[in-house]
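This is what each chain is made of:
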Amino acid sequence: MDLSFWENKRVFLTGHTGFKGSWLCHILTGAGAKLTGYSLEPPTEPNLFSLLGLKNKMISVIGDIRDTEKLQASFKQSAPEIVIHMAAQALVGESYESPVSTYETNIMGTVNILECVRLFEGVKSFLNVTTDKVYQNNEWHWGYRETDPLNGFDPYSNSKSCSELVTHSYKNSFFTNVSISTARSGNVIGGGDFSLNRIIPDCVRAVTNNDTIIVRNPQSIRPYQHVLEPLSAYLMIAQKQYDDPLFSGYYNVGPDDYDCVTTGQLADYFCREWGAGLHWEERKANGPHEANFLKLDCSKLKAVFGWKPRWNVAEAVKRTVEWTNVYLTSKDVQSIMDKQITEFYKE
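Cut-off values and rules
Residues numbered from 1 in each chain as written. Predicted model: local features only at pLDDT ≥ 70, side-chain atom pairs only at ≥ 80, totals over all residues. Heavy atoms only, no water. 1 Å grid on protein atoms, 1.4 Å probe; cavity = no way out; pocket = protein on both sides within 12 Å on 5 of 7 lines; lining within 4 Å. Points joined across faces, edges and corners; volume = space filled by probe spheres on them. Helix = DSSP H or I, 4+ residues; strand = E, 2+ residues; numbered from the N terminus. Nonpolar A, V, L, I, M, F, W, Y, C, P; charged D, E, K, R; others polar. Salt bridge = Lys/Arg side-chain N within 4 Å of Asp/Glu carboxyl O. Buried < 20%, exposed > 50% of the residue type's maximum accessible area, 1.4 Å probe, protein only. Disulfide = S-S within 2.5 Å. Pairing = 2+ DSSP bridges. Axes fitted to C-alpha atoms, helices over the stretch in contact; angles between N-to-C directions. Contact = heavy atoms within 4.5 Å. Parallel < 35°, antiparallel > 145°, perpendicular 65-115°, else oblique. Left-handed = near helix turned anticlockwise from the far one by under 90°.

1. Describing the layout of surface pockets
Piece 1. Looking at the second largest pocket, its volume works out to about 220 Å³.
Piece 2. Met1, Met236, Gly306, Trp307 and Arg310 are, among the 14 residues lining the second largest pocket, the residues nearest its centre.
Piece 3. Ranked by residues supplied to the lining of the second largest pocket, first place goes to helix H8 (residues 228-243) with 4 residues.
Piece 4. Tallied by class, residues from the lining of the second largest pocket come to 6 nonpolar, 3 polar and 5 charged.

And the structure:
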């Protein structure tokens, strides 16, 4: 994919202050896009959005996706050609604690951004980023396809299933001149993720605090991938359907089957890459239900676009540790990200 496509494109990105959003902002601003972001304040401290000084490189609007008046005013002012919707309450655990706000954010937030697209002319390409958890999980050992039933179990997963259905309905009901797609992405890792209750950030916190690395569900299988993998796919889909509506559709974005590893294996990769004789310990999880087996079949994305993953899970962990070491030694995180982006696109 040629990033020069994005030069001077007017892009509206929701969820821009999060981990994935900050990486995407860095790519798009570096490519010369006229970028407007709409999101809550960064969810952690420290956070990648602030480390990169992104609020000085784009139009950054701090607002709630449920605030229709503010969202519509920001949208109208930016007059985007391309919209990428990533704003969400994205944690399974929090969705059990706050189901109402999870459904409000993930369903009505999608309705609100699609209403903006409906009410204000000029958008040619819209992409809704959902999750690998949208599917009815039957604990299969093979990957789910885009044609499998949508019925997430927990409030987070279920609300993202509903977000998919909302997108499908708006596409069928209102849009003839706007290309609409959704992307169902697997679990991401990479430098700059300071979130709680995610395995690699938890490993980094344990190491830097001289604590034991604790893994609560070491046998759970997930489609782990470096953050640049789904982001490059999002940009590819948004770009291709901008030029040709026939590329509109619903796409899984994940690693190859052999790279769908257990959480314990991912922790093993981290310990080996970090060195210093690290090891992890299992602690029984007493939390609410989460799926044990979760894989994606990405054959459609490969067939339609000729896409394939660039970095396997071991390389993804290596790149994450590389970024973390730069950060912990107070060096230039922007330079290491630029280096990784350049090397990723050369693969």
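2. A look at the pattern of salt bridges
Piece 1. This structure, assessed with the given rule, holds 16 salt bridges.
Piece 2. In this structure, the salt-bridge partner of Glu104 is Arg66, at a minimum N-O distance of 3.0 Å. Taken as a pair, Glu104 in helix H5 (residues 99-119) and Arg66 in the loop between strand E3 (59-62) and helix H3 (68-78) lie far apart in primary sequence, 38 residues in all.
Piece 3. By relative accessible area, which is 36% here, Arg66 ends up partly exposed.
Piece 4. Note that Lys295 is salt-bridged to Asp257, the shortest N-O span being 3.5 Å. Placement of Lys295 in the loop between strand E13 (280-282) and helix H10 (299-305) and of Asp257 in the loop between strand E11 (250-253) and strand E12 (261-262) is noted, with a sequence separation of 38 residues between them.
Piece 5. When salt bridges with common partners are traced through the structure, they connect Glu315, Arg319, Glu322, Lys339 and Glu343 into a single cluster.

3. Quick look at the state of the cysteines
Piece 1. In the structure shown here, the tally under the stated rule is 0 disulfides.
Piece 2. The cysteine Cys203 is free of any disulfide, with Cys271 supplying the nearest cysteine sulfur at 6.1 Å.

4. Digging into the pairing of strand E5 (residues 125-129)
Piece 1. Counting buried positions along E5 yields 5 of 5 residues, so the element is predominantly enclosed.
Piece 2. The alternating pattern of E5 places Ser125, Leu127 and Val129 on one face and Phe126 and Asn128 on the opposite face, and all of these are buried.
Piece 3. Summarising the sheet, strand E4 (residues 82-85) and E5 pair through 4 bridges and their orientation is parallel. Looking at the pairing, Val83 lines up with Phe126 of E5.
Piece 4. With 5 bridges joining them, E5 and strand E6 (residues 179-185) adopt parallel strand pairing. Counted as the bridge partner of Phe126 is Ile180 from E6.

5. Considerations on the sheet that holds E6
The strands that make up a sheet are held in pairs by hydrogen bonds between backbone atoms, and each pair lies either parallel or antiparallel.
Piece 1. Read across the open sheet, the 7 strands follow the order E3-E2-E1-E4-E5-E6-E11; overall the sheet is parallel. Every interior strand has two partners, whereas the edge strands, E3 and E11, have only one. Between one strand axis and the next, the sheet turns by 15° as a mean value, whatever way the strands run.
Piece 2. The sheet contact formed by strand E1 (residues 10-14) and E4 spans 4 bridges and is parallel. In the sheet register, Leu13 faces E4, and the bridge partner there is Ile84.

6. Notes on helix H7 (residues 199-208)
Piece 1. In terms of residue burial, H7 counts as a mostly covered element, since 7 of its 10 residues are buried.
Piece 2. Its buried side turned inward, H7 meets strand E7 (188-189), strand E8 (213-215), helix H9 (263-274) and helix H11 (313-328).
Piece 3. Directly beyond the C-terminal end of H7, a positive phi value near 60° is found at Asn210.

7. What to know about the packing of H3 against H5
The axes of two packed helices give the description: the angle between them and the distance between them.
Piece 1. Where H3 meets H5, the axes come as close as 10 Å, and the angle between the chain directions of the two elements is 45°. Between H3 and H5, the crossing angle belongs to the class labelled oblique. The interaxial crossing formed by H3 with H5 has right-handed handedness. Residue-level contacts link Thr68, Leu71, Gln72 and Phe75 of H3 to Asn112, Ile113, Cys116, Val117 and Leu119 of H5.

Any functional reading would require information that these geometric values do not contain.
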